[in-house]
Amino acid sequence: MEAAEQRRKRKRGRHILLSLSSSRSLFLCSSFIIFILFMSSHHRFFLFFFNFNTATLLRPPLALSLLYSSATSNSILDPLTPLTSSTPSFTLQHRIQFPNHYLLLLLTNHHINPHQLECVYYYYTNASSSSSSGSTEPLVIEVQPVLSTDRFDESRSIARCPFPRTNGTAVDLRRRGGNLIRRSSYFTTNQTVVQSWEKGVYEASLDRESNTVVVFVKGLNLRPHKVSDPTHFRCHFGFKNLNKDGSFLITTRAVSVAQEVVRCLLPQGVRNNTDRAKGVGVTVSHLSGNFRHPVRTILPSIARIDGKGKKKRGKYELCVCTMVWNQGSALREWVMYHAWLGVERWFIYDNNSDDDIEEVIQDLDSQGFNVTRQVWPWIKTQEAGFSHCALKARDECKWVGFFDVDEFFYFPNEFHHQLGQGGGLPGENSLRSVVANYSSSRSIAEIRTACHSFGPSGLRSHPKQGVTVGYTCRLQSPERHKSIVRPDLLHVSLLNVVHHFQLREGFRYVNMPEGSAVINHYKYQVWDTFKAKFFRRVATYVVDWQEDQNKGSKDRAPGLGTEAIEPPNWHLRFCEVWDTGLKDFLLSYFADPVTGLLPWDRSLL
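Residues numbered from 1 in each chain as written. Predicted model: local features only at pLDDT ≥ 70, side-chain atom pairs only at ≥ 80, totals over all residues. Heavy atoms only, no water.

- Under an unreviewed UniProt entry, the protein has the name Glycosyltransferase family 92 protein and belongs to Arachis hypogaea.
- Per UniProt, the protein carries the Subcellular location (unreviewed entry) text "Membrane".
- Regarding the protein, the relevant UniProt record gives this comment under Sequence similarities (unreviewed entry): "Belongs to the glycosyltransferase 92 family." (UniProt positions renumbered as here; feature names shortened; annotations may be inferred.)

What follows is the structure, given as structure tokens:
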């Protein structure tokens, strides 16, 4: 009897356990379904990670950890300073070492004032204070002011720090005047890594029309001015906190590769709703080695997909894009003059300027000139920057001109017409009229105009009324050209050599006759202005003048060495033909009859 009773109890116990197990399974299953529904409604990029039909799961090496934040909890706030609702928080994501400064990328929704922050340099040593656990404190050895700050995108800002006087130190930020940062979770070995600028993914832009993402990469070492084979390249997508170690990512193939630009398909899960891709991290890998032992190298990345760029109802006929460094003083003359020629929109890519260019652009925009500043901190990336701008401007502009702020279009025939013929000033809207005549063409996608290079014209100081009036002596023969393109008809690679782009198959360029249009390129200005070119060239494949290479190149000034030393009689050089055509026209029609001031001079009063 007792044995039978025990068997009944064991059987009843198993029933209870099975019942509990079923209940627990049902509860866990229900919880998981609720979790999936929650994530799909709150995390727009969550669902496509479970779409395995068209995307490949990849378990990458540790190098991919740089796709995410390398310091997810590394706030620049002093750990001793309590957070309040009025205290903006910042998260330090990445440190990048450029040739002459550090760039620190911060996650924040607030504007950062450079006067609020300091750059802190430190290192770890066993000689510094140790805790009972055996860990060490960071020893702060140097503090310097932040060079500058900028808003980078909707959720991130950048701060620039100078190099320290002591080598081998890590760099961080703190609030100005705060206590030295004590040891906290902010300081760990993997949180103080400084990435080299020589290799990595730095920008990514969404192309909604083709369901692709255009990724900008440093360090691929591809052949310049050529389209490369895309079959060896892949893009990898992920986003913060889905998988903290970055071990599972979606992979898609590249459809085009050229120079520093890789274009990949978007993952299948976001193609029907490309807004989901906004803010998603992306990196690039490439295949090397041999057939038997291929090696796939995945690059570190700080890039997130920029989701801007929806189509406008109507497009501007003519826009202009340029890249500048410390050219704030030249912008007013260049923008106001070309606005009169018919330019309606300007994209100014600011390459680490430390002058007043931001205030100048804001002032011009407030006057109705439709000028915007694109923060572009990436050095020696002019070709990539122009590719980025071509994609950005495609949704707003029918034609985009790519030329520098020392280059001015000049129409000799139009400008010499008598005042009053055809209404308005002679030559008004000439440049817009030229491109509009080609807008209906089924074959022309680029207009090229030859450049005449002007010299110092005997001057020893910068001309007060601007370059168009001050410099009047040039070389006899033109040097190179600049282009205005149809951004919707460019090759899928967005390949360019600064002066012109590669076009889609079936389209061609046309050369403007010199008699009807030229570009006055005020290239060789007075020495105090010209010597700034020795600091750094912006083009990727142009050797900096300090380097002892390609001395005979057209990209160098004849007779100059590798140091910024003024040659004898610089003010008299590059003068073969006196050409006062544009100067005479501007003084005749634009100068104030009483003061003699030109429009860009009057705007400063």
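Structure shown, so let's carry the discussion forward.
Here's the deal with helix H2 (residues 328-340)
Phase 1 of the analysis: Of all 13 residues in H2, 12 are buried, a share of seventy percent or more.
Phase 2 of the analysis: Every buried residue belonging to H2 is among Gly328, Ala330, Leu331, Arg332, Glu333, Trp334, Val335, Met336, Tyr337, His338, Ala339 and Trp340, and all of these are buried.
Phase 3 of the analysis: Note on H2: the residue one or two positions beyond its end, Gly342, has a positive phi of about 115°. (Buried < 20%, exposed > 50% of the residue type's maximum accessible area, 1.4 Å probe, protein only. Helix = DSSP H or I, 4+ residues; strand = E, 2+ residues; numbered from the N terminus.)

Observations regarding the packing of aromatic side chains
Phase 1 of the analysis: Taken as a whole and assessed by the stated rule, the structure comprises 35 aromatic pairs.
Phase 2 of the analysis: Relative to Phe411, the ring of Phe409 has its centre 6.5 Å away and its plane inclined at 20°; by these criteria the two rings are stacked. Assigned by exposure class, Phe409 and Phe411 land together as buried.
Phase 3 of the analysis: Taking NZ or CZ as reference, Arg345 lies 4.1 Å from the ring centre of Phe347, over its face.
Phase 4 of the analysis: Sitting over the face of the ring of Trp399, Arg486 holds its NZ or CZ atom 5.9 Å from the ring centroid. (Phe/Tyr/Trp six-rings, centres within 6.5 Å; stacked < 30°, edge-to-face > 60°. Lys NZ or Arg CZ within 6 Å of the ring centre and 35° of its normal.)

A look at a nonpolar patch on the surface
Phase 1 of the analysis: A cluster of nonpolar residues, Tyr123, Leu139 and Ile141, forms a patch on the protein surface that exposes about 210 Å² of accessible area.
Phase 2 of the analysis: Mapped onto the elements, Tyr123 comes out in strand E4 (residues 117-124).
Phase 3 of the analysis: Overall, Tyr123 belongs to the partly exposed group, its relative accessible area being 32%. (Patch = residues over 30% accessible without salt bridge, like charges linked within 9 Å, V, L, I, M, F, W, Y side chains within 5 Å. Areas by Shrake-Rupley, 256 points an atom, 1.4 Å probe, with all protein chains shown as cover. Salt bridge = Lys/Arg side-chain N within 4 Å of Asp/Glu carboxyl O.)

So, the environment of Asp153
Phase 1 of the analysis: Following the sequence through the fold, Asp153 ends up in the loop between strand E6 (148-151) and strand E7 (156-161).
Phase 2 of the analysis: Sequence-wise, Asp153 and Gly279 are 126 residues apart; in three dimensions their C-alpha atoms are separated by 9.9 Å.
Phase 3 of the analysis: Within the local environment of Asp153, its side chain forms a polar contact with the backbone nitrogen of Arg156, the two atoms lying 2.8 Å apart. (Polar contact = N/O pair within 3.5 Å; in protein donor to acceptor, adjacent residues only side chain to side chain.)

As for the packing of H2 against helix H3 (residues 357-366)
Phase 1 of the analysis: Remark: H2 packs on H3, axes separated minimally by 8 Å, with the N-to-C direction vectors making an angle of 25°. What the angle tells us is that H2 and H3 run roughly parallel. Once H2 is placed against H3, the crossing between them reads as right-handed. Each of Gly328, Leu331, Arg332, Val335 and Met336 in H2 lies in contact with H3, whose residues at this interface are Ile357, Val360, Ile361, Asp363 and Leu364.
Phase 2 of the analysis: Here the contact of H2 with H3 is composed, by residue class, of 7 nonpolar, 1 polar and 2 charged. (Axes fitted to C-alpha atoms, helices over the stretch in contact; angles between N-to-C directions. Parallel < 35°, antiparallel > 145°, perpendicular 65-115°, else oblique. Left-handed = near helix turned anticlockwise from the far one by under 90°. Contact = heavy atoms within 4.5 Å. Nonpolar A, V, L, I, M, F, W, Y, C, P; charged D, E, K, R; others polar.)

So, the state of the cysteines
Phase 1 of the analysis: Throughout the structure, instances matching the rule amount to 5 disulfides.
Phase 2 of the analysis: The side chain of Cys119 participates in a disulfide bridge whose partner is Cys161; the two sulfur atoms lie 2.1 Å from each other. Judged by the sign of its S-S torsion, about -90°, the bond between Cys119 and Cys161 is left-handed. Taken as a pair, Cys119 in strand E4 and Cys161 in strand E7 lie far apart in primary sequence, 42 residues in all. (Disulfide = S-S within 2.5 Å.)

Topic: the confidence of the model for the protein
Phase 1 of the analysis: Mean pLDDT over the protein stands at 80; residues scoring 70 or higher make up 72%.
Phase 2 of the analysis: In this model, residues 32-87 is a region of pLDDT below 50 whose contacts with residues beyond four sequence positions or in other chains number 122 contacts.
Phase 3 of the analysis: In the predicted structure, residues 241-248 sits below a pLDDT of 50 and forms 13 contacts with residues beyond four places in sequence or in another chain. (pLDDT = per-residue confidence, 0-100.)

Here's the deal with the environment of Asp229
Phase 1 of the analysis: Tracing the sequence through the fold places Asp229 in the loop between strand E12 (227-228) and strand E13 (233-238).
Phase 2 of the analysis: Among the residues examined, Asp229 registers a relative accessible area of 42% and is labelled partly exposed.
Phase 3 of the analysis: Linking Asp229 and Ser256, residues 27 residues apart in sequence, is a C-alpha distance of 7.3 Å.
Phase 4 of the analysis: Separated by 2.9 Å, the side chains of Asp229 and Thr231 make a polar contact.

Regarding the sheet that holds strand E9 (residues 195-196)
Phase 1 of the analysis: With mixed pairing, the 5 strands of this open sheet are ordered in space as E6-E7-E3-E2-E9. A strand with exactly one partner marks an edge of an open sheet, and here the two such strands are E6 and E9.
Phase 2 of the analysis: Sheet topology places E6 next to E7; 4 bridges connect them, and they run antiparallel. Within the sheet, the bridge partner assigned to Asp150 lies in E7 and is Ile158. (Pairing = 2+ DSSP bridges.)

A look at helix H9 (residues 581-589)
Residues separated by three or four positions in an α-helix point in the same direction, a consequence of the helix having 3.6 residues per turn.
Phase 1 of the analysis: Buried within H9 we find Gly581, Leu582, Phe585 and Leu586. On an axial view of H9, the arc spanned by its buried residues comes to 120°, and they lie on one face. (Arc of directions from axis to C-beta.)

Regarding the pattern of salt bridges
Phase 1 of the analysis: Applying the stated criterion across every chain, the model contains 24 salt bridges.
Phase 2 of the analysis: The residue Asp150 makes a salt bridge to Arg373 at a minimum N-O spacing of 2.8 Å. Of the two residues, Asp150 is situated in strand E6 and Arg373 in strand E21 (residues 371-375); the sequence distance between them amounts to 223 residues.
Phase 3 of the analysis: Classification of Asp150 by relative accessible area gives buried; the value is 8%.
Phase 4 of the analysis: A residue is classified by how much of its surface remains accessible, and Arg373, at 22% relative accessible area, is partly exposed.
Phase 5 of the analysis: Among the ionic pairs, Asp275 bridges to Arg208, the shortest N-O distance being 3.0 Å. With Asp275 in the loop between strand E15 (261-265) and strand E16 (281-289) and Arg208 in the loop between strand E10 (200-207) and strand E11 (212-218), this residue pair connects regions lying 67 residues apart in the sequence.
Phase 6 of the analysis: Residues joined by salt bridges that share partners form a network here, namely Asp150, Arg160, Asp350, Glu358 and Arg373.

Side note on the side chain of Thr283
Phase 1 of the analysis: Turning to its location among the elements, Thr283 is positioned in strand E16.
Phase 2 of the analysis: The class of Thr283 is buried, set by a relative accessible area of 0%.
Phase 3 of the analysis: Of note is the side chain of Thr283, whose polar atom sits 2.5 Å from the backbone oxygen of Leu299.

Some words on the nonpolar core
Phase 1 of the analysis: Formed by 54 residues in total, the largest nonpolar core has its most connected members in Leu331, Trp334, Tyr337, Trp346, Ile348 and Phe415.
Phase 2 of the analysis: The element contributing the most residues to this core is H2, with 8 residues.
Phase 3 of the analysis: Setting aside residues up to four positions removed in sequence, Phe415 forms contacts with Tyr337, Trp340, Leu341, Tyr410, Pro426, Gly427, Ser430, Leu582, Phe585 and Tyr589.
Phase 4 of the analysis: Core analysis: the second largest hydrophobic core is formed by 39 residues, Leu105, Trp378, Phe501 and Leu503 among them. (Core = buried A, V, L, I, M, F, W, Y, C linked by side-chain atoms within 4.5 Å.)

A word on the environment of Leu597
Phase 1 of the analysis: Locating Leu597 in the fold gives a position in the loop between H9 and helix H10 (599-602).
Phase 2 of the analysis: Its relative accessible area of 23% is what places Leu597 among the partly exposed residues.
Phase 3 of the analysis: Between the alpha carbons of Leu597 and Leu587 there is a distance of 8.8 Å; along the sequence they are 10 residues apart.

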